[in-house]
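Examining the three-dimensional arrangement
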Amino acid sequence: MISSTESNACLSRPGRRAFVRNGVLVLAAATQNPRHLVADDAESRLRIGLITDLHYADKLSAGTRHYRETLKKLDEAADRFEQDKPAFIVELGDLIDAADSVETERRYLKTVNQRYSRIGKEQHYVLGNHCVDTLTKQEFLGGVGQEKSYYSFDRGGIHFVVLDSCFRGDGEPYGRKNFTWTDANVSAGELEWLKSDLESNHSPVVVFAHQRLDVDNNHGVKNQVAVRNILESSGNVLAVFQGHSHRNDLKEIGGIHYCTLVAMVEGSGPTNNGYSVVDIDSNDTIQITGFRNQQSRRWQGKA
Ligand SMILES: [Zn+2]
């Protein structure tokens, strides 16, 4: 057992702090982060890397969205992940932004994915509305080499679920500009799948989504209550990570934490980047170490 004074031993080197964790000295970049990995008696279970809303496109900036700068920002995140070695990386949607033609959009996807697909050993893709604006789902998934738009997998004793909320209210999948972005839904078939997937699972669960499941405004999934009911019934969900509204947020509904991550595309220059490393420990504590504009957070997943 490490006392809190030992755990917060601080090195004098600017921008770096050292922590003792389970007897091991851990260094964390402190410049951008008000909170850090905190020592306790729990064993680290798994570490993952998260980014969202890259909106990469080879086009002029529009408002606060600096599409071309995403590549440099992604390289910085890649350097961090290289050092922190998460088990896998997830991008929470809107990897690309719209082009005038399918061919140009394919090129945007290829350019950004050449970088993203090289980060670490394993990458996952959540579909965002911008991913399947001009492209179809098949074209996007084919372009990144991912078989399905919604699925689950197990790592380190944790059950991870990737959701796809890119369906119209009538159940049609998004693609080829056939939708209004505010009409985001999880399809009836996907709800059935989610229910049976979680019923057959007994491990702690972490969910990845693009559109938000915790707000009923334009950024929210229309049938979010049905999705939340399934998540709450499982009794195992430690966290839902989401993007789409481009800003930091954290809400707790029905005992589940919904954490919205900041968009990588927002703002110019390296200081306006955002990415995070998430640690899940054996006590089901979630620790988000945020970089640049991404806020750090910590909560106990299950009461
Ligand atoms: Zn976005």
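Only a predicted model underlies this, so the values are computations on that prediction, with no experimental measurement involved.

Using the criterion set out here, one finds 20 salt bridges in the structure. A salt bridge links Arg106 to Glu103, with the nearest nitrogen and oxygen atoms 3.4 Å apart. Placement of both Arg106 and Glu103 in helix α3 (residues 102-116) is noted, with a separation of 3 residues, approximately one turn of the helix. Its relative accessible area of 37% is what places Arg106 among the partly exposed residues. Exposure remark for Glu103: the relative accessible area of 52% places this residue in the exposed category. Across the pair Glu139 and Arg176 runs a salt bridge, and its minimum N-O distance is 2.6 Å.

This brings us to the coordination of the zinc ion. Donor atoms from the polypeptide that coordinate the zinc ion comprise Asp53 (OD), His55 (NE2), Asp94 (OD) and His246 (NE2), at 1.9 to 2.4 Å from the metal. Positions of the donor residues of the zinc ion along the chain correspond to the pattern D-x1-H-x38-D-x151-H. Of the two residues, His55 sits in the loop between β3 (44-51) and α2 (70-84) while His246 sits in the loop between β9 (237-242) and β10 (249-253), which places them 191 residues apart along the sequence. Pair check on accessibility: His55 and His246 agree, each one buried.

In this section: the confidence of the model for the chain. Averaged over all residues, the pLDDT of the chain equals 89, while 86% of them reach at least 70. Note on residues 1-36: pLDDT is under 50 here. Beyond four places in sequence and across chains, it has 75 contacts.

This brings us to the packing of helix α5 (residues 188-199) against helix α6 (residues 224-234). Between α5 and α6, whose axes approach to 9 Å, the crossing angle comes to 5°. By the criterion of interaxial angle, the relationship of α5 to α6 is roughly parallel. Residues Leu191, Leu194, Lys195 and Leu198 of α5 pack against Ala226, Val227, Ile230, Leu231 and Ser234 of α6.

The next point concerns the packing of aromatic side chains. This structure, assessed with the given rule, holds 15 aromatic pairs. With centroids separated by 6.0 Å and ring planes inclined at 75°, the aromatic side chains of Tyr56 and Tyr108 adopt a geometry described as edge-to-face. Taken together, the residues span a long stretch of sequence, with Tyr56 in the loop between β3 and α2 and Tyr108 in helix α3 at a distance of 52 residues. Considered together, Tyr56 and Tyr108 belong to a single accessibility category, that of buried residues. Arranged with centres 5.0 Å apart and planes meeting at 85°, the rings of Phe88 and Phe160 form a pair that is edge-to-face. Of this pair, Phe88 sits in strand β4 (residues 88-91) while Phe160 sits in strand β7 (residues 158-162); the two residues are 72 residues apart in sequence, bridging distant segments of the chain.

The next point concerns the sheet that holds strand β5 (residues 123-125). Spatially, the 6 strands line up as an open sheet ordered β5-β4-β3-β12-β13-β14, and their pairing is mixed. Two strands close off the open sheet at either side, each with one partner strand: β5 and β14 (297-300). Within this sheet the neighbouring strands show an average axis-to-axis angle of 20°, counted without direction. Here 6 bridges tie β3 to strand β12 (residues 274-281), and the two strands are oriented antiparallel to one another. Paired with Ile48 across the strands is Val278, a residue of β12. Lying on the sheet, α3 is in contact with β3, β4 and β5; it crosses β5 at an angle near 145°.

Quick notes on the rules
- Residues numbered from 1 in each chain as written.
- Predicted model: local features only at pLDDT ≥ 70, side-chain atom pairs only at ≥ 80, totals over all residues.
- Heavy atoms only, no water.
- Salt bridge = Lys/Arg side-chain N within 4 Å of Asp/Glu carboxyl O.
- Helix = DSSP H or I, 4+ residues; strand = E, 2+ residues; numbered from the N terminus.
- Buried < 20%, exposed > 50% of the residue type's maximum accessible area, 1.4 Å probe, protein only.
- Donors = N, O, S within 2.8 Å, 3.2 Å for Na, K, Ca; no water.
- pLDDT = per-residue confidence, 0-100.
- Contact = heavy atoms within 4.5 Å.
- Axes fitted to C-alpha atoms, helices over the stretch in contact; angles between N-to-C directions.
- Parallel < 35°, antiparallel > 145°, perpendicular 65-115°, else oblique.
- Phe/Tyr/Trp six-rings, centres within 6.5 Å; stacked < 30°, edge-to-face > 60°.
- Pairing = 2+ DSSP bridges.

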